[in-house]
Amino acid sequence: MSIITRFMTAVTEPQFKLARDLMALAIADGEITPEEKDAISQVCHLEGVDEEQLIANLQKGGAHFQIQMPRNRKDKEAYLRELILLIGADEYCSPQEVYLFQIVASKMGLTQMDIVGLFMLTTTHTYFKGDAGSKVLASFLKNYIDPIGRTERQNREGLRRMYETVAMSTQRQNDFEEYCSCLRDNLSKTTYALQENQILIRGFQRIGIDFMRLLKEEERIIYMQYTEE
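Please read these numbers as outputs of a predicted model, since none were measured by experiment.

A. Spotlight on the nonpolar core. With 45 residues, the main nonpolar core has L80, F101, F140, I145 and L194 as its most contacted residues. Looking at this core, the elements that each hand over two or more residues are α5 (73–87), α6 (95–107), α7 (112–122), α8 (132–145), α9 (152–169), α10 (176–195), α11 (198–206) and α12 (211–226). Examining the composition of this core, we find that seven residues originate from one element, α8, more than from any other. Every residue in contact with F101, bar those within four places of it in the chain, is listed here: L80, L83, I84, I87, I115, L118 and F119.

B. Seen up close, the side chain of T190. Position of T190 among the secondary structure elements: in helix α10. Residue classification places T190 among the buried positions, given a relative accessible area of 10%. Here the side chain of T190 touches N186 through a polar contact of 3.0 Å, landing on its backbone oxygen. With sequence-adjacent residues up to four places away left out, T190 is seen in contact with Y163 and V166.

C. Looking closely at α7. Within the span of α7, buried status applies to I115, V116, G117, L118, F119 and T122. Where α7 is buried, its residues meet α5, α6, α8 and α9.

D. Spatial organisation of the packing of α7 against α9. Closest axis-to-axis distance for the α7/α9 pair is 9 Å, and the angle between their directions is 70°. Considering the angle they form, α7 stands roughly perpendicular to α9. For the element pair α7 and α9, the recorded crossing hand is right-handed. Taking contact as the criterion, the partners of Q112, M113, V116, G117 and M120 in α7 are, on α9, R161, M162, E164, T165, V166 and M168. In terms of residue class, the contact of α7 with α9 is built from six nonpolar, three polar and two charged.

E. Structural view of the pattern of salt bridges. Evaluated as defined, the whole model comprises 12 salt bridges. One salt bridge in this structure joins E77 and R73, with 2.7 Å as the shortest N-O distance. Of this pair, E77 and R73 both sit in helix α5, four residues apart, roughly one helical turn. Among the residues examined, E77 registers a relative accessible area of 23% and is labelled partly exposed. Residue R73 is classed as partly exposed on the basis of its relative accessible area, which comes to 41%. A salt bridge links E152 to R156; the nearest nitrogen and oxygen atoms lie 3.5 Å apart. With E152 and R156 both in helix α9 and four residues apart, this pair spans about one turn of that helix. The partly exposed category is assigned to E152, whose relative accessible area is 35%. Note on R156: relative accessible area 18%, which makes it buried. Connected via shared salt-bridge partners are E152, R156, R160, R213, E217 and E218.

F. Expanded view of the packing of aromatic side chains. According to the stated counting rule, one finds four aromatic pairs in the structure shown. Between F119 and F140 the ring centres are 3.8 Å apart and the planes differ by 5°, which places this aromatic pair in the stacked class. Here F119, found in helix α7, pairs with F140, found in helix α8; they are 21 residues apart in sequence, far enough to count as distant. Residue F140 is classed as buried on the basis of its relative accessible area, which comes to 1%. Measuring from ring centre to ring centre gives 6.4 Å for F176 and Y179, while their planes differ by 40°; the resulting arrangement is tilted. In this pair, F176 and Y179 both sit in helix α10, three residues apart, roughly one turn of the helix. Ring-pair connections join several aromatic residues into one group, and the members of that group are F101, F119 and F140.

Cut-offs applied
Going along each chain's sequence as written, the residues are numbered from 1 onward. Local features in a predicted model are, by the rule used here, given only for residues with pLDDT of at least 70; side-chain atom pairs are given and counted only at 80 or more, and totals for whole chains, interfaces and linings are based on all residues. Water and hydrogen atoms were dropped before computing side-chain values, which therefore reflect all heavy atoms in the structure. In this text, buried Ala, Val, Leu, Ile, Met, Phe, Trp, Tyr and Cys residues form a nonpolar core when linked through side-chain atoms within 4.5 Å. Burial status follows relative accessibility: with a 1.4 Å probe on protein chains alone, a residue under 20% of its type maximum counts as buried, one over 50% as exposed, and anything between as partly exposed. The helix and strand labels rest on DSSP assignments: H or I over at least four residues marks a helix, E over at least two residues marks a strand, and numbering proceeds from the N terminus. Two residues qualify as a contact provided that any one of their heavy atoms is within 4.5 Å of a heavy atom in the partner residue. The definition of a polar contact used here is a pair of N or O atoms within 3.5 Å, where within protein one atom must be able to donate a hydrogen and the other to accept one, and adjacent residues in sequence count solely through side-chain atom pairs. Angular values range over 0 to 180 degrees, each being the angle between N-to-C directions of two axes fitted as lines to C-alpha atoms, with helices fitted over their stretch in contact. Angles are sorted into four bins: roughly parallel if under 35 degrees, roughly antiparallel if over 145, roughly perpendicular if 65 to 115, and oblique for all others. Definitions for this section: a left-handed crossing has its near helix turned counterclockwise from the far helix by less than a right angle. A right-handed crossing has that turn clockwise. Classification used: nonpolar for Ala, Val, Leu, Ile, Met, Phe, Trp, Tyr, Cys and Pro, charged for Asp, Glu, Lys and Arg, polar for all others including Gly. We count a salt bridge whenever a side-chain nitrogen from Lys or Arg sits within 4 Å of a carboxyl oxygen from Asp or Glu. A pair of aromatic rings is counted whenever rings of Phe, Tyr or Trp (Trp by its six-membered ring) have centres within 6.5 Å, and the orientation is called stacked for planes under 30 degrees apart, edge-to-face for over 60 and tilted otherwise.

Shape descriptors only; they carry no functional weight alone.
This is the structure:
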């Protein structure tokens, strides 16, 4: 049972209540961002429901809920990490779950780059056994970067966020040449990981974009950007 399916009923599990409340707010507070609007529309389309039905079901379980928002960045990330673990319980991250996670994280003030970074840091052996984390990350990347229905510019932006996340997480060092070498290695590993994702490769082939070329170009752009003195 997907998280979204649970949301279509009266959600009572403590782990889901905050996400439910934030998603309801994203629809109801009148300050919805274009990204949240698009995510909600995608969720509704994938679940075969209209937005009015979705919010009605979300609010059914707590019409008078009081949102207990985590107070600081550490607590917010801890909550979202728990949500990732729930999403990845079946070793898969569905498109609906990606959209849901984006809505919840954005309501907490996290950026798209934060979202990518959190998934990459959480889908490790620290939190998942065996290759489960790799499977969750692979499905997240597929559904996060899914090229179908997006322009080349949008696809570039999605990939660039991936490389920017890697660059920002690469520790700065006093020795500039050593830092450049480390950054180049980390970006290269990211390119290799993406090149191994056959689902992504087929998706980009379907829309006529050379995925390998695109990866190399974005890797080079980010490397140049972060090594300019």
